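Spelled out, the chains give:
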Amino acid sequence: MAYRHGTTSFYATFRKGYDVLGFSGGVSGSVSVDFFIFAVLLLVNGLLAVAMLLAARTLGQPKMAMLLAGAFGGNVLLYASDATYFFLFKGNSWVNLAVSSIAMTPPILAAMAYRMRSGLPSRVVPLIATHVAALLLILWYSIGDPDRGMRSAIVPLYASAVLLFGVTTALAHPGRKLRLGERPIIFTCFGLAAVELAGGIVLAAMGNGESAVLDRAYTYIVFLGLPAMTVGAGIFSLYLMGGDLAEKLRLTAETDSLTGAPNRRAVEAAGSRMMEEARATGRPLSIAICDVDHFKEINDLHGHGHGDEVLCRLTDLFRDQLGAADHYGRFGGEEFVLLFPGSDAETARILVEALRTRIMAVQIGDLPLRLTASFGVAAMGADDHILADILKRADRALYASKENGRNRTTVDRQAQPAF
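Residues numbered from 1 in each chain as written. Predicted model: local features only at pLDDT ≥ 70, side-chain atom pairs only at ≥ 80, totals over all residues. Heavy atoms only, no water.

Q: Can you explain the packing of aromatic side chains? Please cite residues and give values.
A: This model, assessed by the stated rule, comprises 2 aromatic pairs. Relative to Phe87, the ring of Phe86 has its centre 5.1 Å away and its plane inclined at 75°; by these criteria the two rings are edge-to-face. Pairing Phe318 with Phe336 gives two aromatic rings, centres 5.3 Å apart and planes at 65°, and the pair type is edge-to-face. Residue Phe318 is located in helix H12 (residues 304-322), and its partner Phe336 is located in strand S3 (residues 335-341); the two are separated by 18 residues in the primary sequence. Judged on exposure class, the residue Phe318 and its partner Phe336 are both buried. (Phe/Tyr/Trp six-rings, centres within 6.5 Å; stacked < 30°, edge-to-face > 60°. Helix = DSSP H or I, 4+ residues; strand = E, 2+ residues; numbered from the N terminus. Buried < 20%, exposed > 50% of the residue type's maximum accessible area, 1.4 Å probe, protein only.)

This is the structure we're talking about:
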């Protein structure tokens, strides 16, 4: 992504690569193989830049996609300017400095993109500061203490460090669980950073001298490693953004838009899964249905805005008390379903009573309102085959709570416990 070797260029490196691998003369006419592959690399990076621009419009992460489009577009600019340098300005330290500046920009944009996706600070100022420092080092090894190897090594070494800092650590760090599509990006960035690092070490070892062995090693590294890693980074980035969009759509389909709680679809899926786990492990499972008392009166007397606030406050309470996101959900209207895997009916009743007590302490704005809720609890029975069987009995227990004066918990005792 960021190689340059003194007065040599990408174009010259690809020429050497084809010579070393014995591919010279494979294309007839005036178009040489090295020019052909160089043009293909330009085209691939250009297409990846366009793909990122399209992703910005369709995959739901426009800022990240735009930064990655800038990174691959920067590669196109780098290759074009590097070829211009090779043919027209070879040996000009200031033009070399300008092209080196372009070469170090794509890794910065990629780092910013992935840090942004992970919710981390972009660190724009430190990245720009290190970019300037690297340019000063290049200038020093160009004019102050001329060393062609060190001057050339700074760009790939800098790119390797930025990739590891900005991309890999943004995705893989302690306490964070990797999501769909992130492992391929991490492996690709490690590979790209390794290619950059290896190339930088070889360039530094060359110094101002000539070494056929080091030159051949550098050619292999760049010619074989760089294009594959660059293309892989682009493809896996698109795959990752597609995976993020799929996850976002899944969450949208399974999340209540008002409260942010899992909706009925998500609760049914979680409950069915817990029933299967209960059968497999022989552990009990209990379910409770919560219904806000006099909810219609709250809406009619105090407005739907306060009714919505009641539902949101209950969701916060359930989230805080139950912890796991799939242990509660809004089933519809003012009804919530609570799932207690590993708890029998009596244990679930104790937990529900604690929730009911906390609900009575909830204050809705400055309203003179004593909020209460009724609960019905049912444990998974021996004859329960689907979630609806347990819910039916929990709903019957809830109805009993309503009939007996509300603000209470009733446990269904009619079914034989499954475990």
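Q: Report on unusual backbone geometry, specifying residues and quantitative values.
A: Phi angles above zero are rare outside glycine, and His294 is one such case at about 55°. Relative to the elements of secondary structure, His294 occurs in the loop between strand S1 (285-292) and helix H11 (295-302). With relative accessibility at 40%, the residue His294 sits in the partly exposed group. For Arg406, which is not glycine, the phi torsion reads 65° and is therefore positive. Position of Arg406 relative to the elements: it lies in the loop between helix H14 (387-403) and strand S5 (409-411). The exposure class assigned to Arg406 is partly exposed, which follows from its relative accessible area of 32%.

Q: Residue-level account of the environment of Met150, with values.
A: Within the element layout of this structure, Met150 appears in helix H7 (residues 148-171). Here Met150 falls in the partly exposed class, since its relative accessible area comes to 26%. Dropping the residues within four chain positions of it, Met150 is found in contact with Tyr141, Leu203 and Ala204. (Contact = heavy atoms within 4.5 Å.)

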